[in-house]
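Close look at the chain arrangement
One-letter residues, chain by chain:
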Amino acid sequence: MALPSAWSEMRVGILLLSVLSLLSARLVGAGQDSGSVIPAESRPCVDCHAFEFMQRALQDLKKTAYSLDTR
């Protein structure tokens, strides 16, 4: 039986990260009270945090793919 290719593992990893991020966004949104709205000026930039998270995830996937290629 052949080992799964690095690309298929990367696709599975990206899918898993996407599902986890959607689930965490739902949990965070469900935990907020309707009366406790934080002004936009004091909230962290969601796009910036998502970008940093995805950058780290991509680096991890690249390291995994590299280690699989070297085996």
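Every value quoted in this text rests on a predicted model; they were computed, and no experiment measured them.

Here is what the cut-offs are and how they apply
Residues numbered from 1 in each chain as written. Predicted model: local features only at pLDDT ≥ 70, side-chain atom pairs only at ≥ 80, totals over all residues. Heavy atoms only, no water. Helix = DSSP H or I, 4+ residues; strand = E, 2+ residues; numbered from the N terminus. Buried < 20%, exposed > 50% of the residue type's maximum accessible area, 1.4 Å probe, protein only. Areas by Shrake-Rupley, 256 points an atom, 1.4 Å probe, with all protein chains shown as cover. Patch = residues over 30% accessible without salt bridge, like charges linked within 9 Å, V, L, I, M, F, W, Y side chains within 5 Å. Salt bridge = Lys/Arg side-chain N within 4 Å of Asp/Glu carboxyl O. Contact = heavy atoms within 4.5 Å.

1. As for the overall build of the protein
- A count of helices and strands for the protein gives two helices and zero strands.
- Residues counted as buried form 8% of the 71 residues belonging to the protein.
- Of the accessible surface of the protein, which amounts to about 6500 Å², a share of 65% is contributed by carbon and sulfur atoms.

2. Things to note about a nonpolar patch on the surface
- A grouping of L15, L16, V19, L20 and L23 is seen on the molecular surface, where their side chains present a nonpolar patch of about 480 Å² in accessible area.
- You can see V19 is positioned in helix 1 (residues 6-30).

3. Description of the environment of A6
- Tracing the sequence through the fold places A6 in helix 1.
- With 63 residues separating them in the primary sequence, A6 and D69 have C-alpha atoms 7.4 Å apart.
- Once you skip the residues sitting within four places of it in the chain, A6 turns out to touch A65, L68 and D69.

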